[in-house]
Amino acid sequence: MAQRSLRPEMRRAAKEAPVGDAIMSARDLSVHYGAFQAVRDVNLSFYENRITALIGPSGCGKSTVLRCMNRMNDLIPIARVSGEVLYHNHNIYGPNIDPVEVRRRIGMVFQKPNPFPKSIYDNVAWGAKINGYRGSMDDLVERSLTQAALWNEVKDKLKDSGLSLSGGQQQRLCIARAIAIQPDVILMDEPASALDPISTLKIEDLMQELTRNYTIVIVTHNMQQAARSSDFTAYFSVGEDRAGYLVEYGPTHEVFTNPKDPKTEDYITGRVG
Amino acid sequence: MPAGSERGQSAFSSMPRLRVIRNTGAVWIGMLFLAACAGIVSPENPDPVYDDLSGRFIIDGSSTVYPISQAMAEEFGYLTSDVQIPVGVSGSGGGFTKFCAGETAITDASRPIKPIEAELCEANNIEFIEIPVALDGLSVLINPANDWVECMTVEQLETMWEPTAEGVITNWNQIDPSFPDQPLLLYGPGTDSGTYDYFTEVIVGEEGASRGDYTGSEDDNILIQGVAGNNSALGFFGYAYYEENQDRLKLVAVDGGDGCVEPTAETIANGEYQPLSRPIFIYINAEDAARPEVASFVNFYLEEADDIIPDVGYIPFMDNFYDAMIERFHDGRTGSVFLVTDVTAVSGTEGLLFPEEK
Amino acid sequence: MSSLPTPKNREAIFTDRLSARKRRGMIFRNVCLAMTIFGVLSLGALLYDTIGSAFTWAAVEEREVRGRVQPNVVQTWSLWEGIYNRDELQRLTAENYPEAEFRFFSWVNINFLTNFPSRFPELSGFRSPLIGSLMVIGITALLSFPIGTGAAIFLEEYGTKGWISRIIETNIANLAGVPSIIYGLLGLTIFVRGAGGLTGGQTVLAGAFTMTLLSLPIIIVAARESIRAVPPSQRQAALALGATRWETTYSHVLPSALPGILTGTILAMSRAIGETAPLITIGALTYVAFDPSGARDIFTVMPIQIFNWVTLPQATFHNLASAGIVVLLSILLTMNGIAIVIRRKTERTW
């Protein structure tokens, strides 16, 4: 299994530092779309300031699980979620929890870049504005774009439309937009799959930087990306009942070099997938 | 426009002795003014002071009478500065509905008020004054290429239009064997119009009774196109429409029992053209008639009838008839002649007067 | 026959029939072209007729009206007729109307726009119908746009997808096809008689409310389509930032749907400006010789006056009707133009 070596400054102290508490975890999480069960009994944890990758073949429920984390599945009328998702030990599916508050703390970046048809500045500022940001908006925009590694490319054209950027830049704009509201967790649903290789690398480097302040959960089709970028990996597969389930979960290093489940090994070595 | 006092002031104001005369004159004129307002001046010959009038009242009803009422409202509007008289075209029936609901002050009607409408007015405590204002000669018109008809009797027209003719009488030679074998194409107003009501009443004998298979339209101009475009067509319209389209249509004389008479301004006015010479009316709300602007307007209407009515294509009555109507209005004689005498259509002006007016 | 060599794995049973397929395509294209030409020609015929009747060659005499000398048009010929046969028409004029002058006479002139209607065609103007129509349409637009948009937003963004929603949807679409006279009867009962205190009876306001009812189904249907056309990815992006439903709708969905909603509004206004029957039912009159003193005053509208002129026996009133149609069409075109400008300004691309 070839691993791209990380640049020294990118090598995180995380490899040496102890893992803290799980900032989020799923307990017996199942999802039904109407009568069809999409995901079965997932138990999973995400640790603070780490990158967790969800990998697996198509249709195994990775994106569904990801969307449960910030209650985006609420938007699908026939979706039914059972089990618990804990955020700082609060079940976000509890009876008194407002999904709007959940999404304020757990942000999302989508597979296809979807900046608003507004200016670059407004794209970043809008989320902060509606959440009542009181400080200097100009500073926030600059900080967010800098953290998203986009500032130098757009600092002279903040008034231009967000749609005038290239695909990779748009995706970084979406990341900047997400971090402008300063969430705890950023969920990324195959963020680089629609981008060219150079942009993909930029996004991966960006993710490493972001873990300084944020926790990241990423769904990816690209095994190598998971192997080289993430700290923890969860491998999903599809059962015979066509419901997705979690096969194996652990530190990336172990999952890729010493998988416990033969199915995991089959997938990693490319025998299935 | 009290022109006298103004002229007096401008010409005489400079000379001291004449100033006295001017002032006295002004006082006298002022008194006459007040006298006129107080009605001391003979009501038979009122001198309405137009400048003082103000207010608004609505006229609605028949599209046949509309041109007359609109012309009167327009001319009266030029004499006054503050009286507003909007006019609507809801049809005779629609007009009576609104009139008997108290929504209009005057209603135009191309036929007399029906008993059921009079009942409605009574139920709403509305009394009305019926005033015939003009004559319309309903003309029977054919295509100029039709050379076999010059005159038709009422009986022939009845054969042509009665309900039993539907689907049966479809050819000219069924009307008279001497006519050629040509399809009979009929054009006439729609069943909603007062014109239709009157025609069926006097020709067929029963209001609203006619065959259904003719080309009907509320717009007479369309019917004219139809008759002018078809060699064997026949239609009936108001005389005004014939007047404007004489080059495209041919007139048929009607024999009402006293020989063939063609409709002209004279024959309609003097009652020779029968039975299709019909009166058209306005009905005035008796309560509104007490308002000075309404009273002034109706007086104006009847006085200017001679001048304005021919302009819009109808036939005015003889002068003495209008005098009788002015008197009827001043006396406030409410009710309809047609309800009293129980006749629903008349020819000649005799039938338009109350017994005591004759 | 193809000019390229046959692929060697092609089975012999493929019958390409390429030329037949192409011919069919050509026929289809020509049928579509014929439809387009038909539409253009019909429109052209309408414009040809109307313009020829509103801008005429006329034999003009003079007469005295209320103490002043006014033109008196005794005969008119259409614009097109006079272009080719000017001399012929001049001769006819001299022959039949020796007192008359033969000249170009446009029925659309400044007097037409400022005078009130009259029994004399040459003095007749369009003032009260024009003002009445503009007032009614103005108020209707101001009312129907927010109500229609609001209803569409509610139905699309906040509505459930259950059977109630489907019933509402079907009924709104059907309402768009209800004959306008029904709205007139409804308006008479509710706005003239029922809410007479608010509207003042048979007034501009009652007319505008009635026209709003008429326009709402069209606007709601168009607005819903536009709102649906906004990609879900935009909504999801906004919601993922911790925005409420309303914030998402207001900041993202509505601005993107605006061009479509405007188109629907303009379509509805174009229909409303030509409506005659419902306004007559609620009491719009025909001859009004004063400017309405406000929205709670009596009025008339352009189609009513045009229809009235068309039914009068004197031929010159028909020319006036054409002039009225020219004015009506101009206003329609202006309204559409304004909508297109607003559309351009607010349009966004994905």
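Residues numbered from 1 in each chain as written. Chains lettered and ligands numbered in written order. Predicted model: local features only at pLDDT ≥ 70, side-chain atom pairs only at ≥ 80, totals over all residues. Heavy atoms only, no water.

**Details of the overall build of chain B**
Next up, step 1: Secondary structure assignment for chain B yields 14 helices and 13 strands.
Next up, step 2: Considering only residue pairs separated by 6 or more positions, chain B has 73% of its internal contacts joining residues 24 or more positions apart.
Next up, step 3: Per element, the accessible surface of chain B, about 15500 Å² overall, is 50% carbon and sulfur. (Helix = DSSP H or I, 4+ residues; strand = E, 2+ residues; numbered from the N terminus. Contact = heavy atoms within 4.5 Å. Areas by Shrake-Rupley, 256 points an atom, 1.4 Å probe, with all protein chains shown as cover.)

**Describing the confidence of the model for chain C**
Residues shown with low pLDDT carry predicted positions that ought not to be read at fine detail.
Next up, step 1: Across chain C, pLDDT averages 90, with 99% of residues at or above 70.
Next up, step 2: Across the predicted assembly, pTM comes out at 0.81 and ipTM at 0.88. (pLDDT = per-residue confidence, 0-100.)

**A closer look at the state of the cysteines**
Residues and elements named next belong to chain A.
Next up, step 1: Evaluation of the coordinates by the stated rule reveals 2 disulfides over all chains.
Next up, step 2: Each disulfide in chain B links cysteines that, numbered along the sequence, combine into the pattern 1-2, 3-4.
Next up, step 3: The thiol of Cys60 is not disulfide-bonded; the next cysteine sulfur, from Cys68, is found 13 Å away.
Next up, step 4: Of the residues examined, Cys60 reaches a relative accessible area of 0% and is grouped as buried. (Disulfide = S-S within 2.5 Å. Buried < 20%, exposed > 50% of the residue type's maximum accessible area, 1.4 Å probe, protein only.)

**Here's the deal with the environment of Lys358 of chain B**
All names here are of chain B.
Next up, step 1: Along the chain, Lys358 falls in the segment after helix 14 (337-341).
Next up, step 2: With a relative accessible area of 56%, Lys358 lands in the exposed category.
Next up, step 3: Lys358 sits 194 residues away from Thr164 along the chain, and the two C-alpha atoms are 40 Å apart.
Next up, step 4: Excluding anything up to four places from it in sequence, Lys358 contacts Glu350 and Leu353.

**Considerations on the sheet that holds strand 7 (residues 185-189) of chain A**
Residue and element names in this part refer to chain A.
Next up, step 1: One open sheet holds the 10 strands; their spatial order is 5-4-1-2-10-9-3-8-7-6, and the pairing between them is mixed. The outermost strands of the open sheet, each flanked by one partner alone, are strand 5 (90-91) and strand 6 (106-109).
Next up, step 2: Pairing geometry for strand 9 (residues 232-238) and strand 10 (residues 244-251), over 7 bridges, is antiparallel. By the bridge assignment for strand 10, Phe236 is matched with Leu246. (Pairing = 2+ DSSP bridges.)

**Examining the domain arrangement of chain B**
Residues and elements named next belong to chain B.
Next up, step 1: Splitting chain B by domain gives domain 1 (24-135 + 278-357) and domain 2 (139-262).
Next up, step 2: When the two sides are added together, the surface that domain 1 and domain 2 hide from each other amounts to roughly 860 Å², 54% of it contributed by carbon and sulfur.
Next up, step 3: The interface formed by domain 1 and domain 2 contains 2 salt bridges.
Next up, step 4: The residue Arg111 makes a salt bridge to Asp197 at a minimum N-O spacing of 3.4 Å.
Next up, step 5: For the pair domain 1 and domain 2, the number of links is 3 residue pairs in polar contact (both at pLDDT 80 or more).
Next up, step 6: Among the residues making up the side of domain 1 that touches domain 2, the classes are represented as 5 nonpolar, 5 polar and 3 charged. (Domains from an automatic or database assignment. Buried area = accessible area lost by both parts, 1.4 Å probe. Salt bridge = Lys/Arg side-chain N within 4 Å of Asp/Glu carboxyl O. Polar contact = N/O pair within 3.5 Å; in protein donor to acceptor, adjacent residues only side chain to side chain. Nonpolar A, V, L, I, M, F, W, Y, C, P; charged D, E, K, R; others polar.)

**Focus: the sheet that holds strand 4 (residues 106-109) of chain B**
Residues and elements named next belong to chain B.
Next up, step 1: The strand order across the open sheet built from 4 strands is 2-4-13-5, with neighbouring strands paired in mixed fashion. Unpaired on one side and paired on the other, strand 2 (59-61) and strand 5 (128-137) mark the two borders of the sheet. Sheet twist, expressed as the average angle between the axes of neighbouring strands with direction ignored, equals 25°. (Axes fitted to C-alpha atoms, helices over the stretch in contact; angles between N-to-C directions.)

**So, the interface of chain A and chain C**
Next up, step 1: On the chain C side, the residues contacting the 22 residues of chain A number 18 residues.
Next up, step 2: Of the roughly 1700 Å² buried between chain A and chain C on both sides combined, carbon and sulfur atoms contribute 66%.
Next up, step 3: At the boundary of chain A with chain C, the tally comes to 0 salt bridges.
Next up, step 4: Between chain A and chain C we count 5 residue pairs in polar contact (both at pLDDT 80 or more) in total.
Next up, step 5: If you list the elements that add at least two residues to the side of chain A that touches chain C, you get helix 2 (99-105), strand 6, helix 3 (120-130) and helix 6 (167-180) of chain A.

**With respect to the arrangement of the chains**
Next up, step 1: Between chains B and C lies the most contact-rich interface of the 2 pairs of chains that touch.
Next up, step 2: With no contact between them, chain A and chain B keep their nearest C-alpha atoms 53 Å apart.

**Digging into the interface of chain B and chain C**
Next up, step 1: Each partner contributes to the interface: chain B provides 27 residues, whereas chain C provides 24 residues.
Next up, step 2: Taken together, both faces of the contact between chain B and chain C bury some 2300 Å²; the carbon and sulfur share is 50%.
Next up, step 3: Linking chain B with chain C are 14 residue pairs in polar contact (both at pLDDT 80 or more).
Next up, step 4: Elements that contribute at least two residues to the side of chain B that touches chain C include exactly helix 3 (66-79), helix 9 (239-244) and helix 12 (292-311) of chain B.

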